[in-house]
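Spelled out, the chains give:
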Amino acid sequence: MLRFLLLFNRQGKLRLQKWFVPTSDRERKKVIRDMIMLVLPRQPRTCNFLRWKDLKIVYKRYASLYFCAGLEEQDNELLALEVLHRYVELLDKYFGNVCELDIIFNFEKAYFILDEFLMGGEVLETSKFAVNVSMEQADTLQETMEEYMSKPAY
Amino acid sequence: MPAPIRLRELIRTIRTARTQAEEREMIQKECAAIRSSFREEDNTYRCRNVAKLLYMHMLGYPAHFGQLECLKLIASQKFTDKRIGYLGAMLLLDERQDVHLLMTNCIKNDLNHSTQYVQGLALCTLGCMGSSEMCRDLAGEVEKLLKTSNSYLRKKAALCAVHVIRKVPELMEMFLPATKNLLSEKNHGVLHTSVVLLTEMCERSPDMLAHFRKLVPQLVRILKNLIMSGYSPEHDVSGISDPFLQVRILRLLRILGKNDDDSSEAMNDILAQVATNTETSKNVGNAILYETVLTIMDIKSESGLRVLAINILGRFLLNNDKNIRYVALTSLLKTVQTDHNAVQRHRSTIVDCLKDLDVSIKRRAMELSFALVNGNNIRGMMKELLYFLDSCDPEFKADCASGVFLAAEKYAPSKRWHIDTIMRVLTTAGSYVRDDSVPNLIQLITNSVEMHAYTVQRLYKALLDDISQQPLVQVASWCIGEYGDLLVSGQCEEEEPIQVTEDEVLDVLEGLLVSNLSTPVTRGYSLTAIMKLSTRFSSVNRIKKVVSIYGSSIDVELQQRAVEYNALFKKYDHMRPALLERMPIMEKTASNGPTEIVQTNGETEPSTVEAKHPPPVTQPTNQANDLLDLLGGNDVVPVIQTTIPTKPASAGGELLDLLGDLSLSGGPAPAPAPSVPTSQPPFLLDGLTSQPLFNDIAAAGIPSMTAYNKNGLKIDFTFERANPNPNIAVITIHATNSTEAEMTDFVFQAAVPKTFQLQLLSPSSNVVPALNQGTVTQVIRVLNPQKQQLRMRIKLTYTHKGSAVQDLAEVNNFPPQSWQ
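About the criteria used
Residues numbered from 1 in each chain as written. Chains lettered and ligands numbered in written order. Predicted model: local features only at pLDDT ≥ 70, side-chain atom pairs only at ≥ 80, totals over all residues. Heavy atoms only, no water. Helix = DSSP H or I, 4+ residues; strand = E, 2+ residues; numbered from the N terminus. Buried < 20%, exposed > 50% of the residue type's maximum accessible area, 1.4 Å probe, protein only. Contact = heavy atoms within 4.5 Å. Areas by Shrake-Rupley, 256 points an atom, 1.4 Å probe, with all protein chains shown as cover. Pairing = 2+ DSSP bridges. Buried area = accessible area lost by both parts, 1.4 Å probe. Salt bridge = Lys/Arg side-chain N within 4 Å of Asp/Glu carboxyl O. Polar contact = N/O pair within 3.5 Å; in protein donor to acceptor, adjacent residues only side chain to side chain. Nonpolar A, V, L, I, M, F, W, Y, C, P; charged D, E, K, R; others polar. Axes fitted to C-alpha atoms, helices over the stretch in contact; angles between N-to-C directions. Parallel < 35°, antiparallel > 145°, perpendicular 65-115°, else oblique. Left-handed = near helix turned anticlockwise from the far one by under 90°. pLDDT = per-residue confidence, 0-100. 1 Å grid on protein atoms, 1.4 Å probe; cavity = no way out; pocket = protein on both sides within 12 Å on 5 of 7 lines; lining within 4 Å. Points joined across faces, edges and corners; volume = space filled by probe spheres on them. Expected span 1.5 Å × (residues − 1). Phe/Tyr/Trp six-rings, centres within 6.5 Å; stacked < 30°, edge-to-face > 60°. Lys NZ or Arg CZ within 6 Å of the ring centre and 35° of its normal.

**Student:** Looking at this structure, I do not really get the overall build of chain A. What am I missing?
**Tutor:** For chain A, the helix and strand inventory stands at six helices and seven strands. Buried positions account for 64% of the 154 residues belonging to chain A. Nonlocal contacts in chain A, meaning residues at least 24 apart in sequence, comprise 47% of its contacts between residues at least 6 apart. When the accessible area of chain A is evaluated, it comes to approximately 6200 Å², of which 55% is carbon and sulfur surface.

In structure tokens, the structure reads:
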């Protein structure tokens with residue numbers, strides 16, 4: 001299972017954090033700091049895998065964002081790369097040509113999409129379309145008129 | 001009060017901040033507004049405020065005052081509220097907070113909500129961060145949802161069940177009935193999560209594993225359909241249908257097929273099919289192949305399939321994609337023990353990976369290369385590894401150097417090659433060599449008898465070049481101290497002997513003493529080396545002068561040594577030649593790693609004269625005790641090598657402590673003629689093989705005893721009085737192993753109180769066979785002149801079922817006849 005999934009940019013600013021195991025605030029901050037320090041200095045054409053403590057770290061850079069996941073020993077790293085890629089595809093489908101700004105201004109939507117794709121560190125839905133269908137339907141349940149027109153509600 | 005600003009507004013505003021301080025100010029202002037809004041119990045904008053709080057939390061600011069608000073949002077009827085509330089709960093609350101338990105009731109209600117998306121939110125939150133108590137309370141609801149026909153809920157319930165089982169394994173039984181029809185689903189989401197659930201259950205419970213083995217045919221069928229089916233747009237990834245599901249099925253098959261012949265056979269075909277038909281041009285195909293290889297290696301697959309798997313890994317190694325090379329090296333490392341020959345075929349590719357630019361790949365390649373070294377390829381491999389050692393980053397050098405030493409020790413084709421390899425490592429990576437390698441190397445050099453002249457010459461030349469690498473300097477000065485006479489007499493056969501005078505040698509050694517580059521340990525080595533040369537060189541006066549100068553050195557260590565050496569010149573000059581004699585050949589107790597400390601007198605400071613030579617047993621023991629008293633007052637005394645006057649063909653005995661520097665009682669050269677401890681020609685113990693001395697058990701009616709019995713290892717002592725000296729008790733230890741796995745690298749060591757002397761001879765073997773099928777015997781001779789009660793402290797080390805075991809014990813129950 002995945003232990004965590006982090007999104008951060010080249011300046012080390014966190015854009016999304018999903019934790020699949022109970023972690024205190026202090027531990028979270030430490031992990032985030034460590035990941036940023038490990039991943040940002042990596043050269044462009046090196047391996048996407050690292051070892052950190054007893055975890056395998058898989059990271060991939062998409063435009064200005066780094067997607068970084070912590071895996072357990074028996075997990076398949078190559079498949080983890082596919083998981084990250086699928087998440088980016090889902091975001092892209094939902095936002096239309098997703099970029100970092102979309103994730104900044106609509107971070108709660110990014111979380112909702114993630115929750116339809118992964119749960120408890122495992123892949124929940126493998127179909128490319130089902131996730132977006134669920135999101136659209138759930139969005140219609142949001143109460144105010146503004147939300148109904150899928151403009152951000154807040 | 002005006003409506004609080006919208007989330008987007010806030011984000012936009014915060015992003016305009018140009019400094020950290022400005023941002024902090026804005027956030028504090030907003031937090032204050034939010035706090036007062038919370039205090040007013042404002043329902044309309046609670047959602048908006050919590051959302052803003054979550055954004056600020058992500059920037060790193062504290063948000064704990066929003067925790068209760070999340071609960072209120074969850075309890076609200078509005079979907080928007082619930083969505084943000086649950087998100088806030090997952091971000092701000094974790095099971096360590098008390099607040100988090102208050103959610104249980106809300107989640108329970110939401111699990112039974114009429115809208116599936118609300119149920120989904122509840123399942124998701126429970127499945128991501130539910131505590132054990134929450135899981136216990138709500139497991140029933142989850143189980144109900146697992147049986148529903150709504151596939152959206154069913155897949156979420158399955159993963160929620162996985163989380164419940166992880167938190168509270170006892171509840172696993174509860175979900176068993178619901179798993180009955182899970183695999184007959186058509187929906188891939190449900191199928192995938194069901195496979196995850198089944199995997200989790202099988203991993204945790206052998207009973208479940210046995211129960212689910214019957215699913216193998218069904219799983220094979222599903223996998224087959226996935227591979228053979230046509231293009232499915234919703235599950236396709238680069239031409240492969242639902243790779244996530246394929247990989248999870250392969251993983252479940254791995255668990256089901258392990259150690260089970262029938263299941264393994266049932267999956268052979270499909271594994272072969274996947275292995276050969278999967279498209280390898282993209283990462284996704286390789287991900288599936290990788291999982292297939294792991295499965296093939298773990299189950300009881302037929303050899304053809306295994307070879308296929310290793311070949312796939314070999315192909316991975318040639319792939320341009322670094323990730324795939326990395327993954328291949330990791331897998332090969334796992335399989336190298338079991339399928340050694342198959343992996344050997346890819347040796348050259350693996351060695352090429354040493355030159356890769358990527359650090360992760362280099363490290364894996366290095367580990368794998370060391371695993372592949374054997375007697376046949378040692379020369380070629382060592383060349384590559386030494387080249388790697390020269391050019392690699394410092395972080396690798398220590399490990400690489402240790403690996404080279406280990407490999408060289410095991411497979412060296414000739415002594416000269418071995419010495420040359422060591423020299424190469426010391427000169428190129430000398431400062432990265434681990435400290436414990438120094439004694440190992442010294443022991444190795446001592447044992448390569450015919451190479452002494454060559455070795456000392458090469459080391460001397462290396463010293464002339466460079467004295468900064470401490471391990472090299474230490475080994476070199478030790479050797480010069482021992483074999484300086486060979487150096488000066490120019491007796492080298494292997495290469496052109498160099499012309500060196502005694503003064504030049506002493507110059508070099510003195511240079512080490514004064515150099516700033518030398519550490520205190522190194523200085524100790526060189527002072528001792530100089531002292532040893534006093535019996536090998538003729539310029540004794542120069543040496544006397546040096547030694548007396550250092551008698552007032554600021555370094556306490558050096559001072560103590562110098563003072564003692566001085567004493568040797570003055571009071572004990574008649575003993576000096578014997579004390580400073582050549583070292584005998586030492587036998588190793590362990591085949592690799594640092595030698596064990598047999599010495600347990602707590603001595604860490606090299607305070608005594610090196611090669612202290614207690615006179616043989618038949619001489620009066622008073623002098624021995626005198627010298628030993630210099631060792632300082634501790635309870636137990638080192639195991640000392642003594643001669644066996646009556647049996648000169650005795651074994652060389654155990655290796656004594658050579659750690660740190662070698663000043664503790666190493667193996668002194670015992671003279672075969674017991675009465676005269678004069679300089680004997682070197683290498684006395686040449687050609688002695690280790691044989692057990694005594695095998696007779698019962699002796700003179702002294703009852704035997706069990707000294708140690710733990711973890712299946714039992715050690716019995718049997719006694720005998722030795723002739724002619726009735727003060728010596730001869731104890732034979734018999735080690736037996738009642739477990740089902742043999743104990744290898746078995747080492748027995750003993751220490752006795754100060755008034756005794758102990759001699760430990762070689763063991764019959766260092767493998768204790770399993771199930772009491774054999775015994776390892778070893779002889780201990782104890783001299784007990786003062787007829788005190790015998791006590792012994794023993795230390796046992798061995799490898800059992802792959803892990804190293806170490807134990808210390810006191811033996812106090814010696815029968816009175818053994819020591820009276």
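From this point, the discussion proceeds with the structure in view.
**Student:** For this particular structure, what's the right way to read the pairing of strand 8 (residues 757-760) of chain B?
**Tutor:** For a regular strand, side-chain orientation follows a simple rule: the groups alternate between the two sheet faces. All names here are of chain B. Of the two faces of strand 8, the one lined by Gln757 and Gln759 and the one lined by Leu758 and Leu760 are each fully buried. Taken together, the four bridges between strand 8 and strand 9 (residues 776-783) define a ladder with antiparallel strand orientation. When the bridges of strand 9 are listed, Leu758 appears paired with Val782.

**Student:** Would you mind showing me how to read the interface of chain A and chain B here?
**Tutor:** Many descriptions give the size of an interface as the accessible area lost when the pieces come together. Tallying the contact residues gives 67 residues for chain A and 75 residues for chain B. Of the roughly 6400 Å² buried between chain A and chain B on both sides combined, carbon and sulfur atoms contribute 57%. For the pair chain A and chain B, the number of links is six salt bridges. One salt bridge in this structure joins Asp139 of chain A and Arg83 of chain B, with 2.9 Å as the shortest N-O distance. Where chain A packs against chain B, one counts 23 residue pairs in polar contact (both at pLDDT 80 or more). A class-by-class count of the residues in the side of chain A that touches chain B yields 27 nonpolar, 14 polar and 26 charged.

**Student:** What exactly am I supposed to notice about the packing of helix 29 (residues 540-550) of chain B against helix 30 (residues 556-570) of chain B here?
**Tutor:** Two numbers describe a pair of packed helices, the interaxial angle and the distance between the axes. Residues and elements named next belong to chain B. Their axes nearest at 7 Å, the elements helix 29 and helix 30 cross at an angle of 140°. The orientation of helix 29 relative to helix 30 falls into the category oblique. As helix 29 runs across helix 30, the sense of the crossing is left-handed. Facing helix 29, whose interface residues are Val540, Ile543, Lys544, Val547, Ser548 and Tyr550, helix 30 presents Leu558, Gln559, Ala562, Tyr565, Asn566 and Phe569. Looking at the contact of helix 29 with helix 30 residue by residue, the classes come out as eight nonpolar, three polar and one charged.

**Student:** Please clarify how the confidence of the model for chain A should be interpreted in this entry.
**Tutor:** Segments scoring low in pLDDT should not have their predicted coordinates read at a detailed level. All names here are of chain A. Put simply, chain A has an average pLDDT of 91, and 93% of its residues get 70 or more. Mean pLDDT across the secondary structure elements of chain A bottoms out at helix 6 (residues 145-148), with 43, and peaks at strand 5 (residues 65-71), with 97. Of the regions scoring below 50 in pLDDT, residues 145-151 engages in 11 contacts with residues more than four places distant in sequence or in other chains.

**Student:** Teacher, can you tell me more about the environment of Ala161 of chain B here?
**Tutor:** Mapped onto the elements of the fold, Ala161 of chain B is located in helix 9 (residues 151-167). In this structure Ala161 of chain B touches Val142, Phe175 and Leu197 of chain B, once residues within four positions along its chain are discounted.

**Student:** How do you make sense of the layout of surface pockets when you look at a structure like this?
**Tutor:** In this approach the atoms are scanned with a rolling probe the size of a water molecule, which exposes any empty space left behind. Roughly 580 Å³ of volume is contained in the largest pocket. Among the elements of the structure, strand 4 (55-62) and helix 2 (77-95) of chain A together with strand 1 (236-237), helix 15 (283-298) and helix 17 (322-335) of chain B are those that each provide at least two residues to the lining of the largest pocket. Top element by residues in the lining of the largest pocket is helix 2 of chain A. It accounts for five residues. Residue composition of the lining of the largest pocket, grouped by class: 10 nonpolar, eight polar and 13 charged.

**Student:** What am I meant to see in unusual backbone geometry here?
**Tutor:** Residues other than glycine predominantly adopt negative phi, and peptide bonds predominantly adopt the trans conformation. The phi dihedral of Asn97 of chain A is positive, around 50°, even though this residue is not glycine. Topologically, Asn97 of chain A is positioned in the loop between helix 2 and helix 3 (100-105). Using a relative accessible area of 66% as the deciding quantity, one classes Asn97 of chain A as exposed. Although it is not a glycine, Asn711 of chain B sits at a positive phi angle of roughly 55°. Classification of Asn711 of chain B as exposed rests on a relative accessible area of 53%.

**Student:** Which parts of the structure should I look at to understand empty space enclosed by the protein?
**Tutor:** Following the criterion strictly, the structure yields 15 cavities of 30 Å³ or more and no others. When its volume is computed, the largest cavity comes out at roughly 190 Å³. Residue lining of the largest cavity: 17 residues in total, with Asp75, Leu79, Val83 and Glu122 of chain A together with Arg248 of chain B positioned closest to the centre. Contributing elements (two or more residues each) for the lining of the largest cavity: helix 2 and strand 7 (122-123) of chain A together with helix 13 (243-257) of chain B. Broken down by element, the residue count for the lining of the largest cavity peaks at four residues, all from helix 13 of chain B.

**Student:** Just checking my understanding: could you explain helix 5 (residues 79-92) of chain B for this structure?
**Tutor:** Helical periodicity: at 3.6 residues per turn, an α-helix aligns residues three or four positions apart in one direction. For helix 5 of chain B, spanning 14 residues, the distance from its first C-alpha to its last is 20 Å, which sits close to the expected 20 Å at 1.5 Å a residue. Among the 14 residues of helix 5 of chain B, 14 are classified as buried, and the element is accordingly described as predominantly covered.

**Student:** Can you walk me through the confidence of the model for chain B in this structure?
**Tutor:** Residue and element names in this part refer to chain B. When the pLDDT values of chain B are averaged, the result is 81; 85% of them are 70 or greater. Across residues 590-700 the pLDDT falls below 50, and counting only partners more than four positions away or on other chains, this stretch makes 231 contacts in the model. Scored as a complex, the prediction yields pTM 0.69 and ipTM 0.94.

**Student:** What should I look at first to understand the pattern of salt bridges in this one?
**Tutor:** Two side chains that carry opposite charge are able to pair once their charged atoms sit near each other. Under the defined criterion, the tally for this structure stands at 50 salt bridges over all chains. Arg86 of chain A is the partner of Glu89 of chain A in a salt bridge, and the nearest nitrogen-oxygen pair spans 3.7 Å. Separated by three residues within a single helix, Glu89 of chain A and Arg86 of chain A lie in helix 2, roughly one turn from each other. Residue class for Glu89 of chain A comes out partly exposed when judged on its relative accessible area of 35%. Between Asp110 of chain B and Lys82 of chain B there is a salt bridge, with the nearest N and O atoms lying 2.8 Å from each other.

**Student:** Is there a simple way to think about the packing of aromatic side chains in this case?
**Tutor:** The geometry of two aromatic rings is summed up by the distance between their centres and the angle between their planes. Residues and elements named next belong to chain B. Per the stated rule, a full pass over the model turns up 16 aromatic pairs over all chains. Judged by centre distance (6.4 Å) and plane angle (80°), the rings of Trp478 and Tyr483 are edge-to-face. Tyr483 carries the same exposure label as Trp478, and that label is buried. Members of the aromatic cluster, each reached through a chain of ring pairs, are Phe717, Phe719, Phe748 and Phe814. Its guanidinium or amino end placed over the ring of Phe65, Arg35 lies 4.3 Å from that ring's centre, counting from NZ or CZ.

**Student:** I keep staring at helix 23 (residues 415-429) of chain B and nothing clicks. Help me out?
**Tutor:** All names here are of chain B. Look at helix 23: 21 Å from first C-alpha to last across 15 residues, which is about the 21 Å you get at 1.5 Å a residue. Taken residue by residue, helix 23 has Trp417, His418, Ile419, Thr421, Ile422, Met423, Val425, Leu426 and Ala429 as its buried positions. Among the structural elements, helix 21 (378-391), helix 22 (394-411), helix 24 (437-447), helix 25 (452-465) and helix 26 (470-489) are those in contact with the buried residues of helix 23.

**Student:** How should the pairing of strand 5 of chain A be read in this particular structure?
**Tutor:** Residues and elements named next belong to chain A. In terms of burial, strand 5 is a largely internal element, seven of the seven residues being buried. Residues Leu65, Phe67, Ala69 and Leu71 point to one face of strand 5 and Tyr66, Cys68 and Gly70 to the other, with burial holding for every one of them. As paired strands, strand 1 (residues 2-9) and strand 5 are joined by seven bridges and run antiparallel to one another. Its bridge partner lying in strand 5, Leu6 is registered against Cys68. In this sheet, strand 5 lies alongside strand 4 in antiparallel orientation, the contact comprising seven bridges. Considered in strand 5, the bridge of Lys60 is made with Phe67. Hairpin remark: strand 4 followed by strand 5, antiparallel, with two residues in the connecting loop; positive phi at Ala63, about 50°.

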